[in-house]
Amino acid sequence: MMKSRSDEEEYWNASKFQAFTFDDEDDELRESKLAFESLAQLPDGDDRDHVEEVSWSGEPVGSISRSVREAAAAAGQGTEGEVACSGRADLEKVNSGYSLSSLFKGRKVGGVAAPLDGSGRAVAPEIRRPRSEKEDLLGDWSPEDAVSKMRQGKTVPLERFRRLRDKLVLLDASVDARDGNVITAVLIFLKKSLSKEVLFGELASRPTALRHLVAYLSESGDHALLAELYRALGRDEDAAVSPTGCAAEYALRSKSGTPPGLCVVVSPRRQLLRYKEHLNVTDEKEKRDFLKSCLSLQFSAEDQVHLRDQVSLLERQMLLEATDRQAEAEIFRRFPRRASVLHVPLVTTLYYCCFYHYGQPEGNLSSPQNLRNSFKISEKQFFVTALSARAKQKSWSDVDALFAGRSWLGFTRKKSPLAFRVVVDILHRSSAPVHVLQEYVALVEDGQVRMALAQKHKCHDLVINAYRDLKDRRLLLGYRGKVEAGSAAERKIDELLDNSQIRWKN
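Bear in mind that the values here come from a model prediction, so they are computed numbers and not experimental data.

This brings us to the overall build of the protein chain. A tally of helices and strands in the protein chain yields 28 helices and four strands. Sequence-distant contacts, at least 24 apart, represent 49% of the contacts inside the protein chain between residues at least 6 apart. Working note: accessible area of the protein chain is about 33,300 Å², and carbon and sulfur atoms make up 51% of it.

Below, the structure written as structure tokens:
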């Protein structure tokens, strides 16, 4: 069916779409203009970014919590149908009266509530961070400025101070500010960024900062680092505390009626002074009981071991004294005791056992080997003490037994943890005979030292044999005048001089 020309023109002219003109304004453009004009009437502008408004409740105006609370209150005043409606439709309508500024500030314009999401919950806009706070985080300050901002409660990234000089200036500035919280914060930063040696060395000349670090380590329970700090500063008395106690002072339970949960605080210095009181106790039983009571003091683990060894040594000395006081053995008649064995050091007790109880089995408490194993005496210390005791008693067979050893081929040879020149001196002080000294002088490795010791201790055989090996007739004749006339040494020299088979070099 063909349409006439007039029908076609009527169809195209009757279209619902209209052409755009600059003169005509549609409804959406008119609404946008009205919304823009409403922004100009609001007092909230960009020039108020640096001003912080606070409501009567103490919350900043425009905070997220306040925006949500106002939106929920406004939503509660409406009808159920209004709450259930979609928030998208509210945002699409500019005529709703919720302006752009009120969207960010959380305020209502014309009594209209905050926008709601699809579930009926209030939508809280994101609040921008103040420009001043950004400048604080990105700015470049001196250590003094950083301390000033920390005193104001602002966040300061101390990691920007990387040089040691800046860190020390920061520490000095915090001390000058006399703010304990700032000093502690700076010390925590230095503890993480500096080595212990550098930190302890710098704190040695800063007593105020040192006291704050000690207090911080005490409260945080870092007793290992606090003990290292005390040792680095040479305060060993303060370092002698328990790892589980307080670092600056520890709690000692009182035995005289202290209620449970209460403690008696004792400083490390006072603790050591109490321990030193045992030097004034003369009775061995009272001293033993006093030392046992000192075991309750919370010394370090190493000091606790020494204290237990001291108690054990005193109990062993009491047993030896009670046994040997009435002993009738031959050794006590030949060498009567000159003093008591009570209250003497460990080495003296070992010398006493080596002198009077050397041959006893190891299971006996008076045996030197038992004493050595119980108190972990070193091989060298035991050797020197046993050598002195047996040489003093002129028991040369026991002296020889101390040097007994075997080579890897199975041959017996003399072995000593000491240099043989030291052994010769010990034997000489014990008035050892010449033939004993000569045996050990010959074991000295250095030839010049061996010759000097042989001449000093009159070991003639060693000197004569040395000159014979050198084939030095002149030295042998000179040494002949130093020996006694008619002695075996003189006769030996004459025999060597008359021997025609020796080809002397002079």
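A separate point is the pattern of salt bridges. Opposite charge on two side chains permits pairing when their charged atoms draw close. The final tally for this structure, using the stated rule, is 16 salt bridges. Between Arg-288 and Asp-289 there is a salt bridge, with its nearest N and O atoms 3.5 Å apart. Accessibility expressed as a relative area gives 43% for Asp-289, which makes it partly exposed. Asp-400 is the partner of Lys-414 in a salt bridge, and the nearest nitrogen-oxygen pair spans 3.8 Å. Of this pair, Lys-414 sits in strand β4 (residues 412-414) while Asp-400 is found in helix α22 (residues 396-402), placing the two residues 14 residues apart along the sequence. Owing to a relative accessible area of 25%, Lys-414 belongs among the partly exposed residues under this scheme. Judged by relative accessible area, Asp-400 falls into the partly exposed class, the value being 30%. Connected through shared salt-bridge partners, Asp-172, Glu-202 and Arg-206 make up one network.

Let us now look at helix α17 (residues 301-324). Helix length check: α17 (24 residues) gives 35 Å between terminal C-alpha atoms against 34 Å at 1.5 Å per residue, within 8%. Taken together, the buried positions of α17 are occupied by Gln-304, Leu-307, Val-311, Leu-313, Leu-314, Arg-316, Gln-317, Met-318, Leu-320, Glu-321 and Asp-324.

What follows covers the nonpolar core. Counting 51 residues, the largest nonpolar core has Leu-387, Val-399, Phe-403, Leu-427, Tyr-440 and Leu-476 as the members making the most contacts within it. Setting aside its immediate chain neighbours within four residues, Tyr-440 contacts Val-399, Asp-400, Phe-403, Lys-414, Phe-420, Val-423, Val-424 and Leu-427. Counting 30 residues, the second largest nonpolar core, distinct from the first, contains Leu-171, Phe-189, Leu-194 and Phe-200.

With that out of the way, let us pick up the environment of Ala-146. With respect to the helices and strands, the residue Ala-146 is situated in helix α8 (residues 143-151). The exposure class of Ala-146 is buried, given its relative accessible area of 0%. Here the alpha-carbon distance between Ala-146 and Val-156, two residues ten residues apart in the chain, equals 6.5 Å. Beyond its immediate chain neighbours, meaning those up to four positions away, Ala-146 contacts Trp-141, Val-156, Phe-161 and Leu-170.

Quick look at unusual backbone geometry now. Here the phi dihedral of Arg-178 falls at roughly 60 degrees; this positive angle occurs in a residue that is not glycine. Classification of Arg-178 as exposed rests on a relative accessible area of 79%. A positive phi angle, close to 55 degrees, is found at Lys-376, a residue other than glycine. Structurally, Lys-376 can be placed in the loop between α20 (368-375) and α21 (379-392).

Running from amino to carboxyl end, helix α12 (residues 207-220) crosses helix α13 (residues 223-232) at an angle of 150 degrees, the nearest separation of the two axes being 9 Å. As far as their axial angle goes, α13 and α12 are roughly antiparallel. Seen from above, α12 lies across α13 with left-handed handedness. Between α12 and α13, the residues in contact are Leu-210, Leu-213, Val-214, Leu-217 and Ser-218 and His-223, Leu-225, Leu-226, Leu-229 and Tyr-230, respectively. Of the residues assigned to the contact of α12 with α13, the class counts are eight nonpolar, two polar and no charged.

Secondary-structure assignment places Ser-174 in helix α9 (residues 164-177). You can call Ser-174 buried: its relative accessible area is 0%.

Here we come to the environment of Thr-184. Within the secondary structure layout, Thr-184 lies in helix α10 (residues 180-193). We classify Thr-184 as partly exposed; its relative accessible area is 23%. Through-space distance from the C-alpha of Thr-184 to that of Ala-209 is 8.2 Å; in sequence the pair is 25 residues apart. Those residues in contact with Thr-184 that lie beyond four places of it in its chain are His-212 and Tyr-216.

Here we come to the packing of helix α19 (residues 346-356) against α21. Think of two packed helices as two axes; the pair is described by the angle between the axes and how far apart they sit. Contact geometry for α19 and α21: axes closest at 9 Å, N-to-C directions at 45 degrees. Relative to α21, the element α19 lies oblique. Crossing of α19 against α21: the hand is right-handed. Residues Val-347, Leu-350, Tyr-351, Cys-354 and Phe-355 of α19 touch α21, and the partners they reach there are Gln-381, Phe-382, Thr-385, Ala-386, Ser-388, Ala-389, Arg-390 and Lys-392.

Another point: the confidence of the model for the protein chain. Looking at the protein chain as a whole, its pLDDT mean stands at 76, while 65% of the residues score no less than 70. The model gives residues 123-127 a pLDDT under 50, and that stretch makes 13 contacts with residues more than four places away or in other chains.

Turning our attention to helix α24 (residues 434-441). For α24, the full list of buried residues reads Val-436, Leu-437, Gln-438, Tyr-440 and Val-441. Turning to α24, the residues buried within the fold contact α22, β4, α23 (420-429), α25 (447-456) and α26 (460-470).

The next thing to look at is the packing of aromatic side chains. A complete count under the given rule lists ten aromatic pairs for this structure. Taken together, a centroid distance of 5.2 Å and an interplanar angle of 90 degrees make the contact between Phe-383 and Phe-403 edge-to-face. Within this pair, whereas Phe-383 is found in helix α21, its partner Phe-403 is found in the loop between α22 and β3 (404-406), the two being separated by 20 residues in sequence. Take Phe-383 and Phe-403: they sit in the same class, and that class is buried. Three or more aromatic residues link up through ring pairs in this structure, and these residues are Phe-332, Phe-335, Tyr-351, Tyr-352, Phe-355 and Tyr-356.

What counts, and at which threshold
- Residues numbered from 1 in each chain as written.
- Predicted model: local features only at pLDDT ≥ 70, side-chain atom pairs only at ≥ 80, totals over all residues.
- Heavy atoms only, no water.
- Helix = DSSP H or I, 4+ residues; strand = E, 2+ residues; numbered from the N terminus.
- Contact = heavy atoms within 4.5 Å.
- Areas by Shrake-Rupley, 256 points an atom, 1.4 Å probe, with all protein chains shown as cover.
- Salt bridge = Lys/Arg side-chain N within 4 Å of Asp/Glu carboxyl O.
- Buried < 20%, exposed > 50% of the residue type's maximum accessible area, 1.4 Å probe, protein only.
- Expected span 1.5 Å × (residues − 1).
- Core = buried A, V, L, I, M, F, W, Y, C linked by side-chain atoms within 4.5 Å.
- Axes fitted to C-alpha atoms, helices over the stretch in contact; angles between N-to-C directions.
- Parallel < 35°, antiparallel > 145°, perpendicular 65-115°, else oblique.
- Left-handed = near helix turned anticlockwise from the far one by under 90°.
- Nonpolar A, V, L, I, M, F, W, Y, C, P; charged D, E, K, R; others polar.
- pLDDT = per-residue confidence, 0-100.
- Phe/Tyr/Trp six-rings, centres within 6.5 Å; stacked < 30°, edge-to-face > 60°.

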